[in-house]
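Results of the structural survey
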Amino acid sequence: MADIIIKNAYVLTMDPDSGDLKNGTVVIEDGKITEIGEKTKESADTVIDAKGSVVMPGLANTHTHAAMTLFRGYADDLQLAEWLEKNIWPAESQLKAEDVYKGSLLACLEMIKSGTTSFADMYFYMDETAKAVEASGLRASLSHGLIELWNEEKGETDLKEGKRFVRAWQGAADGRIKTMYGPHAPNTCSEEFLIKVKEEAHKDGAGLHIHVLETEAELNAMKERYGKCSVHLLEDIGFFGPDVLAAHCVWLSDGDIEILRQRGVNVSHNPISNMKLASGIAPVHKMLERGVNVTLGTDGCASNNNLDLFEEMKTAALLHKVSTGNPTALPARQVLEMATVNGAKALGTETGMLKVGRKADVIILDMKKPHLTPCFDVPSHLVYSAKGCDVRTTIVDGKVLMDNYRVLALDEEKVIEEARTAAEELVARVNA
Ligand SMILES: O=c1[nH]cnc2c1ncn2[C@@H]1O[C@H](CO)[C@@H](O)[C@H]1O
Ligand SMILES: [Zn+2]
């Protein structure tokens, strides 16, 4: 007997070896997809009639700072340096562990409700984010942010905490939690420090999550300090490999793109954050053309201001059409690939496709809505018309976290209320 059968759905597999099914069935057992077809002979405890719905792989948010939900709308319409150094960092200095728990739990709730089933995070008090992931049922790759700022002592302290975190949580929550090292950026960590972090990550078999060339200011600072850009510095110290997740990658030269491709680096494109902070436009069209694994991220809620990957998909598709002057750039299916298949590859998670043997991270979208009617092309609707709130059911690791808009994994009202109170008290401490 299976655990879950989803029937009568449009099945968007995202599997290059098999097409979509207009009216199909997905069977889930022991956390995995065991059958996909027109019909099944199986029976199951839970049978979901998905008539008028689309079933597809859950989305992967490859760059966020979950607890920054607490700073949603806190410091908008500012330059990145002023935003980060004058507003966000002083506010973060007042953060307590329990704030990070409440903010992360709010983020998990928002992700479950908008179809994101896995995410990559870099922040502080990461035990709390890990506990929130554990409680929520989501899948995540978590790292403690290392901001050395050329202070050797701070570097040591951060790295020690990063290592403790990696060792404490690697493979936790039935393997739903993976850990990474999170050196913040090449302009906030020294060359020597980045080398040390890379060595520790290799020793522990953990990945590396880093911001790269987000702003022109970073590019200029790197050229001044080292006579080369961040990508060349990281290349020269042997930092790059398929275990690296590089967020932003806005200010790339063609040579940089070639390095990222050769090293199999995973790029997290965050169009909304880049547009909001006016950081620039990442050369995503070129990267994809050359075969770089480009994925999608929202960045934190202070620079987005939500975690809805459906919004991110639409923004990516539109931004690269207007920036290349080519309306055929980033078509809907390619954008969906970035948010599913490519994201899963970057996080190393055996998800991202509906395929027999893959882990069952699955979402169901309700298509019987005014803004989704009529429907000639499902991928096109998912990118250009749908919103996260059209997701009615979210399944991770074969467990139903939200059933027909009802969140089972968390107490929704309590999570919202506690995060709201924590955020207000935090801002009161900052202003005191
Ligand atoms: O877009 C961004 N660029 C640079 N830093 C960021 C961005 N968003 C969040 N953080 C900062 O990264 C640290 C996580 O370890 C936090 O200080 C967070 O505020
Ligand atoms: Zn970030």
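Residues numbered from 1 in each chain as written. Chains lettered and ligands numbered in written order. Predicted model: local features only at pLDDT ≥ 70, side-chain atom pairs only at ≥ 80, totals over all residues. Heavy atoms only, no water.

- Looking at an unreviewed UniProt entry, the chain carries the name 5'-deoxyadenosine deaminase, with the source organism given as Methanosarcina siciliae T4/M.

1. Re the overall build of the chain
- Broken down by element type, the chain carries 14 helices and 17 strands.
- What you see for the chain is a C-alpha radius of gyration of 21 Å, in line with the 22 Å of a compact globule of 432 residues.
- Principal-axis analysis of the C-alpha atoms places the extent of the chain at approximately 65 × 45 × 40 Å.
- Within the chain, the proportion of its 432 residues that are buried is 59%.
- Look at the contacts in the chain between residues 6 or more apart in sequence, and 73% of them connect residues 24 or more apart.
- In the form shown here, the chain has an accessible surface area of approximately 16,900 Å², with 50% of it arising from carbon and sulfur atoms.
- Each charge class in the chain was averaged separately, 47 positive and 65 negative side chains, and the resulting centres sit 3 Å apart. (Helix = DSSP H or I, 4+ residues; strand = E, 2+ residues; numbered from the N terminus. Rg over C-alpha atoms; globule rule 2.2 N^0.38 Å. Buried < 20%, exposed > 50% of the residue type's maximum accessible area, 1.4 Å probe, protein only. Contact = heavy atoms within 4.5 Å. Areas by Shrake-Rupley, 256 points an atom, 1.4 Å probe, with all protein chains shown as cover. Lys, Arg positive; Asp, Glu negative; His and termini not counted. Charge placed at Lys NZ, Arg CZ, Asp CG, Glu CD.)

2. Notes on the coordination of the zinc ion (ligand 2)
- Here the zinc ion (ligand 2) is held by the protein donor atoms His63 (NE2), His65 (NE2), His211 (NE2) and Asp299 (OD), which lie 2.1 to 2.3 Å from it.
- As a motif over one chain, the donors of the zinc ion (ligand 2) read H-x1-H-x145-H-x87-D. Here histidine 65, found in the loop between strand E6 (59-64) and helix H1 (80-92), pairs with histidine 211, found in strand E10 (residues 207-212); they are 146 residues apart in sequence, far enough to count as distant. (Donors = N, O, S within 2.8 Å, 3.2 Å for Na, K, Ca; no water.)

3. Topic: the sheet that holds strand E12 (residues 266-269)
- Ordered by their spatial adjacency, eight strands build an open sheet running E6-E7-E8-E9-E10-E11-E12-E13, and the pairing between neighbours is parallel. The outermost strands of the open sheet, each flanked by one partner alone, are E6 and strand E13 (293-296). Going across the sheet, the axis of each strand differs from the next one's by a mean of 25 degrees, ignoring polarity.
- Bridge count between E6 and strand E7 (residues 116-123): four bridges; the pairing is parallel. By the bridge assignment for E7, threonine 64 is matched with aspartate 121.
- Contacts from helix H11 (residues 309-324) reach E6, E7, E12 and E13, with the element oriented near 80 degrees to E6. (Pairing = 2+ DSSP bridges. Axes fitted to C-alpha atoms, helices over the stretch in contact; angles between N-to-C directions.)

4. Regarding the packing of helix H2 (residues 97-113) against helix H3 (residues 126-136)
- Their axes nearest at 8 Å, the elements H2 and H3 cross at an angle of 35 degrees. The handedness of the crossing between H2 and H3 is right-handed. Together, Ala97, Val100, Tyr101, Ser104, Leu105, Cys108 and Ile112 of H2 and Glu128, Thr129, Lys131, Ala132, Val133, Ala135 and Ser136 of H3 make up the contact between the two elements.
- Across the contact of H2 with H3, the residue classes tally to nine nonpolar, three polar and two charged. (Left-handed = near helix turned anticlockwise from the far one by under 90°. Nonpolar A, V, L, I, M, F, W, Y, C, P; charged D, E, K, R; others polar.)

5. Considerations on the site of ligand 1
- Around ligand 1, 17 residues are found, and the nearest of them are Trp89, Glu92, His184, Glu214 and Asp299.
- Here a nitrogen atom of ligand 1 and a side-chain polar atom of histidine 65 are 3.3 Å apart.
- Taking aspartate 299, its side chain carries an N or O atom lying 2.8 Å from an oxygen atom of ligand 1.
- Across the complex, the protein chains shield 99% of the 410 Å² of accessible surface that ligand 1 would expose by itself.
- Among the elements of the structure, H1 and E7 are those that each provide at least two residues to the shell around ligand 1.
- In terms of residue count, H1 provides more of the shell around ligand 1 than any other element does, five residues in total.
- A breakdown of the residues in the shell around ligand 1 according to their chemical character gives nine nonpolar, five polar and three charged. (Near = heavy atom within 4 Å. Polar contact = N/O pair within 3.5 Å; in protein donor to acceptor, adjacent residues only side chain to side chain.)

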